Amino acid sequence: MKPSTYNFVWSTDDPEKVMIFNSLTTALAEVSKSRIDLLNVSQFDYAFLPEDKKQFVDELQKGGFVVDDTADELRKVKFAYNSDKYDSEIVRLVIAPTLACNFACAYCFEQLDQSQSRNDGQNIFMPDNIKQDLLNYIEKIVKTGKNVFVTWYGGEPLLAKETIFDLSQKIIAITEENEVGYSAGMVTNGYLISEDPGIVQNLKKNRIKFIHITLDGPREVHNSRRMLKGNSGPTFDRILEGIKLLKANDIEIYVRINTDRSNIDNISSLLAVLKDNNLSDIFIYLGHVIPYTAGCKSYESSCILTEEFSIINQNFYKNLNQMGFDAGRESFYPRFARSCDANRTNAFVLDPDGDMYKCWTEIGNKTASIGKIGDLTRQNREKGNHETRWLTWEPFEYSDCIECKMLPICMGGCAHQAMFINRGRPECKEWKYGLENYVRTRFSNLKALRAAVNNS
């Protein structure tokens, strides 16, 4: 037998013990220092171990800390990654019924520079013929037994709420007729939700079960970053009312704080506002602002490095826990990294013109379109090559990734960054800088829970 390639060993408060973590299984254990000698050798013979060590090895094997001599763990990682990546039971569609937006956020990646192509005749709202092309596509795909998952996107999707609700009813009817599953969510700035109470009821009626909304800080900070287009008017209070309305109607809410140098000192103040408004039970997380596209390059100087973001995120989760947020009760903990939808088959982003893309960072950039939803059979060679590049990208192309013990929980990070921003170099995820801290937090929480059970 042999130790796993993906083991991490760290000290504990007890000088006689260590904690061990495996990034392939994400198992975590506490063991005596006197017993970890087996994890420090390249190989050992199980048959010649004394009985007590055999029992110890049996337990280590359950967590993946030791494996058979013949085990090829990298091959196992590849198999698990690709089995999930090529699972074709679900069609994942990101649909933007409009790219119009009522906000003027400085860091928005949907801005294009002069070198990119957005045709002058682009539809502001999705026309009837594109809606029908979409429905035809869904009718065809569900006949193969695939479930449908939709994320409504934009622009600001609620500017086209009638289109969303109309299409939702038709998609639901198609999926029900063909006895396949349907579920949906939405990414919205949240400003229009409280304007019309009927919006929330329509969200529920149309099975839009979760909503992602951004708040970038307390009122003054948020309003300086996410203002109304045209008059730079404030947006914070309206969004907060919308979040409370969603919560009152049992719609799952995810609040994202887009984080950069200009608001990192105000995150705790926002948490206090949310707590004062009885919103400590919603899920809240930090988003790392990155200059994904040429259009937001001017904002690059305000962005923070991944290492800096990791430190901020570690403190953020500590604050969540200390302030009693539900999202802070369970420590941020790694899991086996799935392939991004952009690298999967049967996953597309659709704009109002019917152009399809693999990644939502490319939406509206016609040079990145992989074809039209109404006639993918006429996809030209250039567009086909672009789609193939997305579908065949994988972290196993990079020697740095293959040799990294964090590969199973990172998988090379964002493919868009690797292919188009870093020019072929993968972007290490936050785990590179914060893994030990997050695992230690989980370890401490589990120890405290066990102590509480033993004392009860």
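Residues numbered from 1 in each chain as written. Predicted model: local features only at pLDDT ≥ 70, side-chain atom pairs only at ≥ 80, totals over all residues. Heavy atoms only, no water.

## Some thoughts on the packing of helix α8 (residues 267-276) against helix α9 (residues 306-322)
Rules: Angles run from 0 to 180 degrees between N-to-C directions of axes, and those axes are lines fitted to C-alpha atoms, restricted for helices to the stretch in contact. Strands are runs of DSSP state E lasting at least two residues, helices are runs of H or I lasting at least four, and both sets are numbered from the N terminus onward. Angle categories: roughly parallel below 35 degrees, roughly antiparallel above 145, roughly perpendicular from 65 to 115, and oblique for all the rest. Take the far helix as your reference; a near helix turned counterclockwise from it by less than a right angle gives a left-handed crossing, and one turned clockwise gives a right-handed crossing. Contact criterion: two residues are considered in contact whenever any of their non-hydrogen atoms come within 4.5 Å of each other. The nonpolar class holds Ala, Val, Leu, Ile, Met, Phe, Trp, Tyr, Cys and Pro. Asp, Glu, Lys and Arg form the charged class, and all remaining residues, Gly among them, are polar.
In the contact formed by α8 and α9, the axes pass within 11 Å of each other and the chain directions differ by 25°. If you check the angle between α8 and α9, you find them roughly parallel. Along this stretch, α8 crosses α9, giving a crossing that reads as right-handed. For the pair formed by α8 and α9, the contact residues are Ile 267, Ser 268 and Leu 271 on the first element and Ile 312, Phe 316, Asn 319 and Leu 320 on the second. Of the residues belonging to the contact of α8 with α9, the class tally is five nonpolar, two polar and no charged.

## As for the sheet that holds strand β10 (residues 252-259)
The test is simple: Here, strands pair whenever DSSP counts at least two bridges between them.
Reading across from one edge, β11-β10-β9-β8-β7-β6-β12-β13-β14 is the order of the nine strands in this open sheet, with mixed pairing throughout. On the outer flanks of this sheet lie β11 (283-288) and β14 (371-372), each paired with one strand and no other. Bridge count between strand β6 (residues 90-95) and strand β12 (residues 347-350): four bridges; the pairing is parallel. Across the sheet, residue Val 94 finds its bridge partner in β12, namely Val 349.

## Some details on the pattern of salt bridges
We count it as follows: One speaks of a salt bridge when a side-chain nitrogen belonging to Lys or Arg is within 4 Å of a carboxyl oxygen belonging to Asp or Glu. Whether a residue is buried, partly exposed or exposed follows from its accessible area with a 1.4 Å probe, protein chains only, as a fraction of its type maximum: under 20%, in between, or over 50%, in that order.
Under the criterion given, the structure shown has 24 salt bridges. Note that Asp 237 and Arg 219 form a salt bridge whose closest N and O atoms lie 2.9 Å from each other. Placement of the pair is Asp 237 in helix α7 (residues 236-248) and Arg 219 in helix α6 (residues 219-225), with a sequence separation of 18 residues. Given a relative accessible area of 39%, Asp 237 falls into the partly exposed group. With a shortest N-O distance of 3.0 Å, Arg 261 and Glu 308 are connected by a salt bridge. Of this pair, Arg 261 sits in the loop between β10 and α8 while Glu 308 sits in helix α9, and the two are 47 residues apart along the sequence. Taken together, the shared-partner salt bridges connect Asp 84, Arg 92, Arg 338, Asp 341 and Arg 344 into one network.

## A word on empty space enclosed by the protein
Applied cut-off: Cavities and pockets were defined on a 1 Å grid built from protein atoms only: a cavity is a group of points that admits a 1.4 Å probe but offers it no way out, a pocket is an open group of points flanked by protein on both sides within 12 Å along at least five of seven lines, and a lining residue is one with an atom within 4 Å of any such point. Grid points are joined across faces, edges and corners, and a volume is the space filled by probe spheres set on the points.
Across all of its chains, the model carries one cavity of 30 Å³ or more by this definition. The computed volume of the largest cavity comes to approximately 30 Å³. Mapped by element, the contributors of at least two residues to the lining of the largest cavity are β6 and β12. Residue composition of the lining of the largest cavity, grouped by class: nine nonpolar, no polar and no charged.

## A word on the pairing of β12
With burial as the criterion, each face of β12 is covered, one bearing Ala 347 and Val 349 and the other bearing Phe 348 and Leu 350. Bridge analysis of β12 against strand β13 (residues 355-357) gives two bridges, and the strand direction is antiparallel. Bridging from a neighbouring strand, Leu 350 pairs with Met 356 of β13. Connecting the antiparallel pair β12 and β13 is a turn made up of four residues, with Gly 354 showing a positive phi of about 90°.

## Remarks on unusual backbone geometry
Residue Gly 155 follows Gly 154 across a cis peptide bond; omega there is 15°. Position of Gly 155 among the secondary structure elements: in the loop between β7 (147-152) and α4 (161-177). Despite not being glycine, Glu 179 shows a phi value in the positive range, around 55°. Topologically, Glu 179 is positioned in the loop between α4 and β8 (182-187). At Ser 232, a position not held by glycine, the phi torsion is positive, near 55°. Checked against the element boundaries, Ser 232 lands in the loop between α6 and α7. Relative accessible area serves as the criterion here: at 53%, Ser 232 is assigned to the exposed category.

## Describing the side chain of Thr 163
Its place among the elements puts Thr 163 in helix α4. Judged by relative accessible area, which is 11%, Thr 163 ranks as buried. What Thr 163 contacts, discounting residues up to four positions off in sequence, is Pro 97 and Lys 131.

## Topic: the packing of helix α3 (residues 128-142) against α4
Geometry of a packed helix pair, given as the angle between the helix axes and the separation of the axes. For the pair α3 and α4, interaxial distance at closest approach is 10 Å and the crossing angle is 25°. With respect to α4, the element α3 is oriented roughly parallel. Between α3 and α4 the crossing geometry is right-handed. The segment α3 lies against α4, with Lys 131, Leu 134, Leu 135, Ile 138, Glu 139 and Val 142 engaging Thr 163, Leu 167, Lys 170, Ile 171, Ile 174 and Thr 175.

## Some points on the pairing of strand β3 (residues 17-22)
Across the six residues that make up β3, a large majority, five, are buried. One ladder, built from five bridges, connects strand β2 (residues 7-11) with β3; its direction is antiparallel. Directly across from Phe 8, in β3, lies its bridge partner Phe 21. Where β2 folds back onto β3 in an antiparallel hairpin, the turn is made up of five residues. Looking at chain direction, β3 and strand β4 (residues 28-32) are connected through five bridges and run antiparallel. The partner of Val 18 across the bridge, within β4, is Val 31.

## With respect to helix α1 (residues 51-62)
For an α-helix, 3.6 residues make a turn, and residues three or four places apart therefore share a direction. Here is the rule: Multiply 1.5 Å by the residue count of a helix minus one, and that product is the helix's expected span. Directions drawn from the helix axis to the C-beta atoms are what define this arc.
Its 12 residues place the ends of α1 17 Å apart at the C-alpha level, agreeing with the 16 Å of an ideal helix rising 1.5 Å per residue. Looking at α1, one finds that the buried residues are Lys 54, Phe 56, Val 57 and Leu 60. All buried residues of α1 fall inside an arc of 160° around its axis, so they share one side. Summarising the geometry of α1, the exposed residues directed more than 90 degrees from the buried face are Glu 51 and Lys 62. At its buried positions, α1 is contacted by β3, β4 and β5 (66-67). After α1 finishes, the residue Gly 64 shows a positive phi value of roughly 80°.

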